[in-house]
Protein chains: 2
Amino acid sequence: MDSDGGAIEVSLSAISSKALWQATDRWNNSELFKLKDSKGKQYCLTATCEEDITDLMKNYIASYKDMPITIYQMTRKYRDEIRPRGGILRGREFLMKDAYSFASNEEDAFASFQKLDDTYNKIFKDLKIPFVSAWADSGDIGGEFSKEFHLIHESGEDTLMSCKHCGDISTLDMSQSYPEKDGQYSGDVDCKYALTKDHSTLICFYYPKDRQLNWNLALNAMDKDIDLTLRNKPNDHVLQVYEKDNEDIMFSKILRVMDCRLNSKSNFPDFPLKKYLKNNFGQISDVSIVDAQENEICGKCEEGRLEPLKSIEVGHIFLLGNKYSKPLNVKFVDKENKNETFVHMGCYGIGVSRLVGAIAELGRDSNGFRWPAIMAPYKVSICTGPNNPENSQRLQDVKSKLLNDPTMQNLQNDILDQFNEKLGIGARIKLSHAMGIPLCVIVGSKSWPNVEIEIRGIRWGEKDLWRKQFEKRCSELQWKCTKNEHGIEKHTVPIQHLVEVIGVLLKDM
Amino acid sequence: MDSDGGAIEVSLSAISSKALWQATDRWNNSELFKLKDSKGKQYCLTATCEEDITDLMKNYIASYKDMPITIYQMTRKYRDEIRPRGGILRGREFLMKDAYSFASNEEDAFASFQKLDDTYNKIFKDLKIPFVSAWADSGDIGGEFSKEFHLIHESGEDTLMSCKHCGDISTLDMSQSYPEKDGQYSGDVDCKYALTKDHSTLICFYYPKDRQLNWNLALNAMDKDIDLTLRNKPNDHVLQVYEKDNEDIMFSKILRVMDCRLNSKSNFPDFPLKKYLKNNFGQISDVSIVDAQENEICGKCEEGRLEPLKSIEVGHIFLLGNKYSKPLNVKFVDKENKNETFVHMGCYGIGVSRLVGAIAELGRDSNGFRWPAIMAPYKVSICTGPNNPENSQRLQDVKSKLLNDPTMQNLQNDILDQFNEKLGIGARIKLSHAMGIPLCVIVGSKSWPNVEIEIRGIRWGEKDLWRKQFEKRCSELQWKCTKNEHGIEKHTVPIQHLVEVIGVLLKDM
């Protein structure tokens, strides 16, 4: 974040004041935890920090010279989720790394967005985890556009649609799909009513009954502003509002939006309104307004087939425009010495605790966890037999070799060599595996001066990367590798070559 | 905490449930921030974590074999303080390092207390800050006894009493003092009434009108349990309660507690009760029940004189006994296979954010902060002139010497050498001083290959420790030192000896 993202770390309070959230019209969000102090003043626990960071930077940004600037923090966030699940995968308290960029113009704002996009990509790559980024809906955060980061995993609650032909990956909300051939659906048709914001126009979305209406696509299919408060209301209710607000049929309009899968022979429901003027009647067709399905044609390239991927969302970045700077009135003096433009913002979140939960899901098996080396509690464990002078001496030999070799990265805090005395060597190895430590170095009296390195579970890096080096160097290093029936790899190597072998193996971890 | 304290790190939620705080009778604490979720369930923000940690460990501790064990965390805490002040010195949200020990018997519990006491002493010593520890009142946390850690500073809101003769330091609550000679006070006498818990006995505390009654000493002067709910009630109210609950004077008792400064000639207030039996009348004298004053005699050694010290409390450790384990029902199976004893606990807090604020108070002057090297944002800054190839090369020379010398501790993240390009060398030096960086290395084109090291402000270590080494080695190292009129020290040394000189100087920082 500091070197690649050029960002400055801060640490804001978890308590935010009502006034800020009212200014941005987010105080009524049902997921906010609210509280009062002894004087009756109202606060919320921060669900995200756009309001507080924008308010903070208002005191710092005076001129265009103060930008671009990016701020980040890693603090706990709070959301009164209706359905917390999977422990830290979706908790009501969670750790989030959130960054916020401020720029004096759109180009700089987009450059900041790209820089942070690159930095977040690098973070996930450094973790060696299988991730994708997907164009996404901006939801409650809002703004101009957004991108999500996902771990692909069958247990995920999200669905992404991926096109192998053009490489596009989008969330279901954003995924436009087409059938092999338009107008082939002849079954029952479902309809959802909506109103424009001014309630002057009734919108009728028609789509196949066996499909899900996709609100995001439906809204994008039109150039009209929809009254979203009616989104979850039944059709009868929407019609009542429409009839009440449009007693004069001269000015009431009707717009039919037809999913491209329908044809005139499809079984449409009866149209409930008897009175309307034909001139006030419009139709949009040839659009796709339902959730994409496997094997449909990608709406981006119109060539490839879509493939659904189950995934866990772990990050979301937004180009916000002036969504927050406008209501919180953050302007700056520009090059022409005018003070009229609102700051252009972006925000960038990684769900840190959720990411740990997701990686646990991906890497666990019946023997325990298997963490990527970069986040494992230790990179290497050293397991010996009973605490006697001989074993202690060997342990010290191995440890000092690992710590003092200039080619190794600093392993000072990355070696586990202290176990409960009562544990035998077998129990120590088992514990090391259960904790998800990548490499377990076994120092046994029989094999000495050879040592064994045990590896189990998922390979986070390029699988068997080490073999390429192994084949060239194995005989020189007297390095042997076997795999047992439980899928555990055993590497045997003389103590004098241990450091080099560990260095090679860690690259896979 | 891990190596010296033998403690295990955890990180608990900032949200705690009402049921736990009700069980320990702390839910009604007026400093608790309270909140509800969407289902109406009540929570508080954790002010401390005894309840949650005890509840957590209940699931872990089954047998005496699971103890002793100590747990710690460094998380934000929340208290609805009526008077937040001094920024992070007393905030409603603050960072606390809190540890909790669990033991199966009193000896082990006390051993854990001593171990953590030692560890906390070491933490403050490593910070090189002037601190004292003082016996203290346990307050709302409760338990058997407690000790506070204080930074001595004139701006502090606490008062400690110190005896130079015996070395005892106590908080004012705990400081017993005696006058030069008893019974010398002949002025007006003040009186405060109290009742025993069963309301059968009226207690009358008599003390000089120009002194403050010390409740802690007053309570310790007797072996009776006092009804503390009447502590802040006026005398009239206490008398009314006493008369109401003691209509039969046969069973009502009166106890007079006389401060040792009084004598029979002192001007006592009228005694308001006319009817009482002489047999039911008792008196305690020769006790000191008022706040200690400067130059009075130490109650511990009865020889030295007391000296008041203004201070800032930064830590507090408690031997809790079973104050929390009993209401939360944490028992264990003992060596006799019985499951009857409650766990013995201790708790240990350092106010981390307050400590930073207190150190800022101690170390700041008109030029900025001066942090102890161990907590400074950087230990060393390197300031050069304009960004040209010559200056860049010299900067690289100095930096690589500092980073690659095996005698230096790893300074990788402790060197500031990146400044805003627009800043000249003077502004860079000023900024380095303002940020409180201990050593400012100035690489100027004139003096090269000599470099200057500027030092300003407070010395946290043993002042001028370096001179002892300097005197022996100065000529060999060509090391010169001057001090200018602003109190800034300038050390001049050739580049080839820079690393050694920096190593020596840092010990003072």
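Residues numbered from 1 in each chain as written. Chains lettered and ligands numbered in written order. Predicted model: local features only at pLDDT ≥ 70, side-chain atom pairs only at ≥ 80, totals over all residues. Heavy atoms only, no water.

Per an unreviewed UniProt entry, chain A goes by proline--tRNA ligase and derives from Saccharomyces cerevisiae x Saccharomyces kudriavzevii. Comment text from UniProt for chain A, heading Catalytic activity (unreviewed entry), reads "tRNA(Pro) + L-proline + ATP = L-prolyl-tRNA(Pro) + AMP + diphosphate". Of the comments in the UniProt record for chain A, the one headed Sequence similarities (unreviewed entry) reads "Belongs to the class-II aminoacyl-tRNA synthetase family." (UniProt positions renumbered as here; feature names shortened; annotations may be inferred.)

Caption draft 1: Spotlight on the interface of chain B and chain A. Listed by partner, the interface residues are 21 residues for chain B and 21 residues for chain A. Summing the contributions of chain B and of chain A, the shared interface buries around 1600 Å²; its carbon and sulfur component is 45%. Linking chain B with chain A are two salt bridges. Our count for the contact surface shared by chain B and chain A stands at 14 residue pairs in polar contact (both at pLDDT 80 or more). When residues of the side of chain B that touches chain A are traced back to their parent elements, those giving at least two are β3 (34-36), β4 (42-45) and β5 (69-78) of chain B. (Contact = heavy atoms within 4.5 Å. Buried area = accessible area lost by both parts, 1.4 Å probe. Salt bridge = Lys/Arg side-chain N within 4 Å of Asp/Glu carboxyl O. Polar contact = N/O pair within 3.5 Å; in protein donor to acceptor, adjacent residues only side chain to side chain. Helix = DSSP H or I, 4+ residues; strand = E, 2+ residues; numbered from the N terminus.)

Caption draft 2: Looking closely at the sheet that holds strand β20 (residues 415-416) of chain B. All names here are of chain B. Spatially, six strands are ordered β20-β19-β21-β22-β24-β23 in an open sheet, and the strand pairing comes out mixed. Since the sheet does not close on itself, it has two edges, and those belong to β20 and β23 (480-483), each with one partner. Strand direction decides the pairing type here: strand β19 (residues 380-384) and strand β21 (residues 439-443), joined by five bridges, are parallel. Looking at β21, one finds that T384 is bridged to V443. Here helix α7 (residues 389-404) sits on the sheet and contacts β19, β20, β21 and β22 (450-455); the angle it forms with β19, its principal contact strand, is near 165°. Lying on the sheet, helix α10 (residues 498-506) is in contact with β19, β21, β22 and β24 (489-494); it crosses β22 at an angle near 10°. (Pairing = 2+ DSSP bridges. Axes fitted to C-alpha atoms, helices over the stretch in contact; angles between N-to-C directions.)

Caption draft 3: How the structure looks around the confidence of the model for chain A. For chain A, the average pLDDT comes to 91, and 99% of its residues sit at 70 or higher. Interface confidence for the predicted complex, expressed as ipTM, amounts to 0.84; the pTM equals 0.86. (pLDDT = per-residue confidence, 0-100.)

Caption draft 4: Seen up close, the domain arrangement of chain A. Residue and element names in this part refer to chain A. Each assigned domain of chain A is listed here: domain 1 (7-165 + 308-361), domain 2 (178-287) and domain 3 (373-506). Using C-alpha coordinates to define each centre, domain 1 is positioned 41 Å away from domain 3. Summed over both partners, the interface of domain 1 with domain 3 buries about 560 Å², with 77% contributed by carbon and sulfur atoms. Considering only the surface of domain 1 that becomes buried against domain 3, L127, K128 and I359 emerge as the three largest contributors, covering 71% of it. The tally of links between domain 1 and domain 3 comes to zero salt bridges. Applying the counting rule to domain 1 against domain 3 returns zero residue pairs in polar contact (both at pLDDT 80 or more). Residues belonging to the side of domain 1 that touches domain 3 are distributed by class as follows: five nonpolar, no polar and two charged. (Domains from an automatic or database assignment. Nonpolar A, V, L, I, M, F, W, Y, C, P; charged D, E, K, R; others polar.)

Caption draft 5: Focus on the pairing of strand β18 (residues 344-351) of chain B. Residue and element names in this part refer to chain B. By the criterion of burial, β18 is predominantly enclosed, with eight of the eight residues buried. Side chains of β18 alternate between two faces, with H344, G346, Y348 and I350 and M345, C347, G349 and G351 buried alike. Across eight bridges, the pairing between strand β6 (residues 93-103) and β18 is antiparallel. Looking at β18, one finds that M96 is bridged to G351. (Buried < 20%, exposed > 50% of the residue type's maximum accessible area, 1.4 Å probe, protein only.)

Caption draft 6: Molecular detail of the relation of the copies chain B and chain A. When chain B is fitted to chain A, the residual RMSD is 0.3 Å, and the transformation amounts to a turn of 179° plus an axial shift of 0.1 Å. Taken together, these values place the two copies in the relation of a two-fold axis. Closest to the rotation axis within chain B is the C-alpha of L35(B), separated from it by 2.5 Å. When you check the interface residues of chain B against chain A, 100% turn up at the interface there too, and the contact is symmetric in its surfaces. (Least-squares fit on C-alpha atoms with pLDDT ≥ 70 in both.)

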